[in-house]
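So the chains spell out like this:
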Number of protein chains: 2
Amino acid sequence: MTREIPYKIYLEENEMPKQWYNVRADMKNKPAPILNPGTGQPVSLEDIMPVFCEELAKQELDETTPYIDIPEEIRDFYKMYRPSPLVRAYCLEKALDTPAKIYYKFEGNNTSGSHKLNSAIAQAYYAKKQGLKGVTTETGAGQWGTALSMACAYFDLDCQVYMVKCSYEQKPFRREVMRTYGAAVTPSPSMNTNIGKKINADFPGTTGSLGCAISEAVEAAVSQEGYRYVLGSVLSQVLLHQTVIGLETKTAMDKYGIKPDIIIGCAGGGSNLGGLISPFVGEKLRGEADYRIIAVEPASCPSLTRGKYAYDFCDTGRVTPLAKMYTLGSNFMPSASHAGGLRYHGMSSIVSQLYADGLIEATSVEQTAVFEAGTMFARTEGILPAPESNHAVRVAIDEALKCKETGEEKTIVFGLTGTGYFDMVAYQKYNDGEMVDYIPSDEDIAKSLAELPNLES
Amino acid sequence: MTREIPYKIYLEENEMPKQWYNVRADMKNKPAPILNPGTGQPVSLEDIMPVFCEELAKQELDETTPYIDIPEEIRDFYKMYRPSPLVRAYCLEKALDTPAKIYYKFEGNNTSGSHKLNSAIAQAYYAKKQGLKGVTTETGAGQWGTALSMACAYFDLDCQVYMVKCSYEQKPFRREVMRTYGAAVTPSPSMNTNIGKKINADFPGTTGSLGCAISEAVEAAVSQEGYRYVLGSVLSQVLLHQTVIGLETKTAMDKYGIKPDIIIGCAGGGSNLGGLISPFVGEKLRGEADYRIIAVEPASCPSLTRGKYAYDFCDTGRVTPLAKMYTLGSNFMPSASHAGGLRYHGMSSIVSQLYADGLIEATSVEQTAVFEAGTMFARTEGILPAPESNHAVRVAIDEALKCKETGEEKTIVFGLTGTGYFDMVAYQKYNDGEMVDYIPSDEDIAKSLAELPNLES
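Definitions and limits used
- Residues numbered from 1 in each chain as written.
- Chains lettered and ligands numbered in written order.
- Predicted model: local features only at pLDDT ≥ 70, side-chain atom pairs only at ≥ 80, totals over all residues.
- Heavy atoms only, no water.
- Contact = heavy atoms within 4.5 Å.
- Buried area = accessible area lost by both parts, 1.4 Å probe.
- Salt bridge = Lys/Arg side-chain N within 4 Å of Asp/Glu carboxyl O.
- Least-squares fit on C-alpha atoms with pLDDT ≥ 70 in both.
- Phe/Tyr/Trp six-rings, centres within 6.5 Å; stacked < 30°, edge-to-face > 60°.
- Helix = DSSP H or I, 4+ residues; strand = E, 2+ residues; numbered from the N terminus.
- Buried < 20%, exposed > 50% of the residue type's maximum accessible area, 1.4 Å probe, protein only.
- Lys NZ or Arg CZ within 6 Å of the ring centre and 35° of its normal.
- Pairing = 2+ DSSP bridges.
- Right-handed = clockwise from strand over helix to strand, strands pointing away.
- Domains from an automatic or database assignment.
- Axes fitted to C-alpha atoms, helices over the stretch in contact; angles between N-to-C directions.

## A few points about the interface of chain B and chain A
Thought 1: Contacts between the two partners involve 43 residues from chain B, matched on the other side by 43 residues from chain A.
Thought 2: Counting the surface lost from both chain B and chain A, the interface buries some 4000 Å², and carbon and sulfur atoms represent 57% of this.
Thought 3: When the buried area of chain B at its contact with chain A is split by residue, Tyr-7, Thr-180 and Tyr-421 of chain B rank highest and sum to 17% of it.
Thought 4: There are two salt bridges connecting chain B and chain A.

Right under this line is the structure:
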């Protein structure tokens, strides 16, 4: 089938996915099980149900069901901002003077500004269905908190967000978006929780951390009747919901007879990347097709490219279960960087296993080069990307420039996860020539890796 | 033709308009001509060509050509962010429990965050085609400056933006978006121009005004070789470009056999409203159909509902030609309000004439009621609207609630001109219960109207 390819491919509503794809079902080497840190044994459904919604807990542990129905209520919500466009970057190609064909799947056309909404609405739905009163979560830069606030407003659920205090103060606009959607936003550490009180007492004047906010949100969930804790990345359930990105991408490409050679996504916790690549990885796993797949991470927080594949805690406070993943160590403190969504010490256990098995590649890039690419993208394609997304833009441009040298007409598709409207402080630093690159030393990484939990496996 | 109506109607690229529609050609009573303030005579093409680009000056004066081709280069750019979706507000309807069918045309899915880009790209194109080096403009809240910066980046034109100093300092993020697109953003009053130097000398420490920024931008245009001045609203050429909104809306509705009963838009300078309604007004003028059309303005700046239809200057500095329009007087100072884009003393001469002829209605609304509507819209439909857009949302909701009382299944369509991501200070005021309403007194309006230029007409 060959039709003229429009600038933007929008699927019809009846072409949108009705099921998420659970790539674990096709993986020969399954991701290692999550362990109870007390016993060292795999967690059971009963272990995690006090913290997670029931249906989400089941999805977290389900390694065998390849397709999971998307409930109609979620599909209705998806229709309000999806399908997201698959865009042919004609103007970027022209500016690069490359024979490569570049496509991007743009997830930023919703008020949360990113792909986070795809999972937020699913998590809110299951919480509502279970009859809960509300959910708790933490947020750093604010994208996840915004998405969850929107989802909870839609299902009339209470939404309690613990926002890292320095972000709460420095990013008042994100905070106000959440409040507009009715969320209660609390700067963390707060005096609402025992752990918050303790941290405030131990470290007077602290401006908080994501690890502390997670601990507060978990405590708030388990100590209130009818509440559960929800999380925006890393977990397998989140990656599952994000496969709507990859499924739409694949359907749109198939519709126009386009076959990608290279698929690129930025990787923080791994859920957007995992969601984009899952259907393509599935084909690789089943021997039906082959693709080059590249995970792009910041040089300041290089879990895949410089981390260790080992069991580790998911949070710096060490209160969560253990997951086997590429990690820099849960005590690793990434240097200040403007891609807040990529500053996580570990990587989704699914993405980690795919990387360990050689099904995907990984590369790391430095932030000045990343913003250079993002600025070029903004000027040619119009969209001002989020700092996180700029990582994928950088590598897509680099691959297109390689094609220019070799003359190859490769087809490149990358995930443009969101917009940078709330990240203009970062762009200002770049515009003023004041942005610097941070690369952790081998000693820094070795030091935090030395503190990995000691497990017999 | 009856198909199931999707949440979002996207036209195919080949259904997008290839011509703008010039409603003046169908108006029996043409808008009054623009006058030279020195002579009191209608301006000629030669009069305005030193300030405006040649092709744009022609469009400004063209009252007879009904359809004007959209150059292919502009249509290619439109394809990067258009067609904009016509959305069925199923969730808002459900929340209101109304039998009305509500649609909105959403113009916010581009980095400028509003419809302004539709005219910015056209103006930049004609400037480039004329071989100019660059353009100058002023911006207050920053939407227009952002749109123009994007358009100039695309055509590799120099872009000089005079930004009202208080906005420059209070809205650094808008400023940084413009800089990211390569624009030179100067706080006004500056020391770049004679008028700026004079104002700085006369009023030390002033934080500027839109009137002053216009004067600086015009001076910068005429004093630099290869530059012209461009403007984002009010002018008939801008309204012409914005008809792409209404043409797409009409095509989408026709495609699904939808006939609107009521069409609603917010009105500041009048270009977005005029663009949305033009094709529908054309049908009214030609006796082919009838619609209720409602212009919504802020109670704080009510040019249509409380102003006078008279010749007036387009700027507070009184350096521009005279236009006949509904005006509050060019010296009218609207009270502080959060809908920056609607704080203009006059109204497009086309919209003014249509209103004088009874072809459209007008109403004014107060900002607390406006933000209440916007917050409800955000929570049900997901999109966080710009304060300006919230004015149309308010009246759309009010009309839908009337349908609930009467049981009428009216079809309502309104223009959702943009997103509020850079307006969170306003939402914060509303969230904190600190927003107040401003309504000018009859004395205030009478006072500024008393200073209208004295013309024999």
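## Quick look at the relation of the copies chain B and chain A
Thought 1: Rotating chain B by 180° and moving it 0.0 Å along the rotation axis overlays it on chain A with an RMSD of 0.0 Å. Expressed as a symmetry operation, the mapping of one chain copy onto the other fits a two-fold axis. Scanning chain B for the C-alpha nearest the rotation axis identifies Asn-109 of chain B, at a separation of 3.1 Å.
Thought 2: Both copies present the same face, since 100% of the interface residues in chain B are matched by interface residues at the equivalent positions in chain A.

## So, the packing of aromatic side chains
Thought 1: The full count for this structure, using the stated rule, is 37 aromatic pairs over all chains.
Thought 2: Geometrically, the ring pair formed by Tyr-10 of chain A and Tyr-10 of chain B is stacked, given 3.7 Å between the ring centres and 10° between the ring planes. Within this pair, whereas Tyr-10 of chain A is found in the loop between strand S1 (8-9) and strand S2 (19-21), its partner Tyr-10 of chain B is found in the loop between strand S1 (8-9) and strand S2 (19-21), the two belonging to separate chains.
Thought 3: The exposure class assigned to Tyr-10 of chain A is buried, which follows from its relative accessible area of 17%.
Thought 4: Taken together, a centroid distance of 6.0 Å and an interplanar angle of 55° make the contact between Tyr-421 of chain A and Phe-422 of chain B tilted. With Tyr-421 of chain A in the loop between strand S15 (411-416) and helix H17 (424-431) and Phe-422 of chain B in the loop between strand S15 (411-416) and helix H17 (424-431), this pair bridges two chains.
Thought 5: Given a relative accessible area of 12%, Phe-422 of chain B falls into the buried group.
Thought 6: Connected via pairs of aromatic rings, a cluster forms that spans Phe-77, Tyr-78, Tyr-81, Tyr-125, Tyr-126, Tyr-154 and Phe-155 of chain A.
Thought 7: Seen from the ring of Tyr-309 of chain A, Lys-324 of chain A lies directly overhead, with NZ or CZ sitting 4.6 Å from the centre.

## Here we look at the pairing of strand S11 (residues 292-298) of chain B
All names here are of chain B.
Thought 1: Across the seven residues that make up S11, a large majority, six, are buried.
Thought 2: Where strand S10 (residues 262-266) lies against S11, five bridges are found, and the strand directions are parallel. Bridge assignment links Ile-263 to a residue of S11, and that residue is Ile-293.
Thought 3: Traced from S10 through helix H12 (residues 271-285) to S11, the parallel crossover comes out right-handed.
Thought 4: Relative to strand S14 (residues 361-365), S11 is paired through five bridges, and the arrangement is parallel. Each bridged residue has a counterpart across the sheet, and for Pro-298 the counterpart in S14 is Val-365.

## Some words on the domain arrangement of chain A
All names here are of chain A.
Thought 1: Partitioning chain A into domains gives domain 1 (22-69 + 116-235) and domain 2 (73-113 + 237-449).
Thought 2: The gap between the C-alpha centroids of domain 1 and domain 2 is 22 Å.
Thought 3: Across the boundary between the two partners, domain 1 contributes 47 residues, which contact 48 residues of domain 2.
Thought 4: Of the roughly 4300 Å² buried where domain 1 meets domain 2, counting both sides, 63% is carbon and sulfur surface.

## A word on the sheet that holds strand S7 (residues 158-164) of chain B
Residues and elements named next belong to chain B.
Thought 1: Pairing within the open sheet is parallel, and its four strands lie in the order S8-S7-S6-S9. Two strands close off the open sheet at either side, each with one partner strand: strand S8 (184-188) and strand S9 (227-229). This sheet shows a mean twist of 25° between the axes of neighbouring strands, independent of strand direction.
Thought 2: Bridge count between strand S6 (residues 134-139) and S9: three bridges; the pairing is parallel. The residue bridging Thr-136 from the neighbouring strand is Tyr-229, located in S9.
Thought 3: The strands touched by helix H8 (residues 172-180) within the sheet are S6, S7 and S8, with S7 carrying the most contacts at an inclination of about 170°.

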